[in-house]
Amino acid sequence: MEQQPTSEHRRRVRYSGTHPKHFSEKYKELQPDKYGETIEKVIRKGGTPAGMHISICVREILDFLNIQPGQRGLDATLGYGGHTQAMLKCLDSKGHIYGLDVDPIESEKTRKRLEALGYGPDILTVRQMNFAHIDKIAAEAGPFDFVLADLGVSSMQIDNPERGFSYKFDGPLDLRLNPETGITAAHRLKTISQKELEGMLVENADEPYAGEISRAVVSAVKKGSPMDTTARLRQTIEEALGFLPAAEQKEAVKKSCARTFQALRIDVNSEFEVLYEFLEKLPHALAPGGRAAILTFHSGEDRLVKQSFKEYKKAGLYLDIAQEIIRPSARERASNSRAKSAKLRWAVRA
């Protein structure tokens, strides 16, 4: 009898010290169903467990959307599905929510997670689709009684070094929301000019040291040192800001790294262009009296949302819009550092 090959046994990744430091070592956080106590402990300390995302402004969003059983809604940026789950509860098994996400990896994980909680295709439809195509989903399933768009990058994407979203972890400099299409940030930096990169850093992130950083990056690439990893880009930024006083340098490098990665992510994913297209189509996807809530995380996004809402209210497409931004509560900001920059705006369809 022919012997069947046996699968190779792989030992779990071990870590040194008392706490795991790297993403792959946080096996307890990556298995929330099995290690619930660990998850609760991380959240209590104000952290976000690896592979998870803590939704922001959930209560404020639900208060505004005022979801009723039987309504039809859209979560234009599904992510981990925290907002979606909260909205599904409001429907009380009556109605339907459509969830969109460009990330094929996380959207499928979220679909399975929500289905396991009892939210199957009878009440939830998940599509891998960019929210710029809201008109297509609205033509098929709309108009919608409520629409939510959370423009923040999910913690699952930020924390996974293989995705290259954070300067804090070494990994390939990718930054694509959909890793199956488009070009990586590393590829983008191969041929970019100093002037173009400087403009990108200013426009997408208000970077005060845009000139110094862009010169250092372009010079390094021209000398044959490609910006192909997150660690290499961070090192180049550190070198570019070496002229700063020692007492200021550490904090300045940290902030400039965050802004540089943000600027590159926005560029690689054409985020402003996509948001503009979404905002242009949004009122036409809403039913009369339909409500839209948008959560932004930096000034460029907020400006676009504010301008669009004002313009379409003046044109008579919106009956009412938020006059002031809504921010997460002090308690939420204290318990979740990623909530600090969040701003919520809303609009009601005429």
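Nothing here was measured: the structure is a model prediction, and the numbers come from that model. (Residues numbered from 1 in each chain as written. Predicted model: local features only at pLDDT ≥ 70, side-chain atom pairs only at ≥ 80, totals over all residues. Heavy atoms only, no water.)

## Considerations on the sheet that holds strand β2 (residues 96–101)
What holds strands together in a sheet is hydrogen bonding between their backbones, with the strands either parallel or antiparallel. For the record, the criterion: Here, any two strands with at least 2 DSSP bridges between them count as paired. Each helix is a run of DSSP H or I of at least 4 residues and each strand a run of E of at least 2, with the numbering of both proceeding from the N terminus. Here an angle of 0 to 180 degrees is reported between the N-to-C directions of two axes, which are lines fitted to C-alpha atoms, with helices fitted over the stretch in contact. Only heavy atoms enter the contact rule, under which two residues are in contact if any of them lie within 4.5 Å.
With mixed pairing, 7 strands are arranged side by side in an open sheet as β3-β2-β1-β4-β5-β7-β6. Because the sheet does not close on itself, it has two edges, and the strands there are β3 (124–128) and β6 (318–321). Averaged over all adjacent pairs, the angle separating strand axes in this sheet is 15 degrees, with direction ignored. Pairing geometry for strand β4 (residues 144–150) and strand β5 (residues 286–296), over 6 bridges, is parallel. Bridged to Asp-150 within β5 is Leu-295. Helix-sheet contacts for helix α12 (residues 271–285) involve β4, β5, β6 and β7 (343–349), and the interaxial angle to β5 is about 150 degrees. The strands touched by helix α13 (residues 299–314) are β5, β6 and β7; relative to β6, the strand with the most contacts, the crossing angle is about 135 degrees.

## A short note on the packing of helix α8 (residues 194–205) against helix α11 (residues 246–268)
For clarity, the cut-off: Orientation categories follow fixed angle ranges, with anything under 35 degrees roughly parallel, anything over 145 roughly antiparallel, 65 to 115 roughly perpendicular, and all other angles oblique. Residues are grouped as follows: Ala, Val, Leu, Ile, Met, Phe, Trp, Tyr, Cys and Pro are nonpolar; Asp, Glu, Lys and Arg are charged; every other residue, Gly included, is polar.
Closest axis-to-axis distance for the α8/α11 pair is 8 Å, and the angle between their directions is 95 degrees. Classified by the angle their axes make, α8 and α11 are roughly perpendicular. When α8 is examined against α11, the residues Met-200, Leu-201, Asn-204 and Ala-205 are found in contact with a partner set consisting of Arg-259, Thr-260, Gln-262, Ala-263, Leu-264, Ile-266 and Asp-267. Counted by class, the contact of α8 with α11 contains 6 nonpolar, 3 polar and 2 charged residues.

## Digging into the pattern of salt bridges
Which entries qualify depends on this criterion: Each reported salt bridge corresponds to a side-chain nitrogen of Lys or Arg within 4 Å of a carboxyl oxygen of Asp or Glu. Throughout, exposure labels follow a simple rule: accessible area from a 1.4 Å probe, protein chains only, divided by the maximum for the residue type, with under 20% read as buried, over 50% as exposed, and the rest as partly exposed.
Using the criterion set out here, one finds 15 salt bridges in the structure. The closest approach of N and O atoms between Arg-111 and Glu-108, which form a salt bridge, is 2.7 Å. Of this pair, Arg-111 and Glu-108 are both found in helix α4 (residues 104–116), 3 residues apart, which corresponds to roughly one turn of the helix. What makes Arg-111 partly exposed here is its relative accessible area of 28%. Here Glu-108 falls in the partly exposed class, since its relative accessible area comes to 33%. In this structure, the salt-bridge partner of Arg-188 is Glu-196, at a minimum N-O distance of 2.8 Å. The exposure class assigned to Arg-188 is buried, which follows from its relative accessible area of 18%. Salt bridges linked by common partners bring Glu-108, Arg-111 and Glu-115 together as one network.

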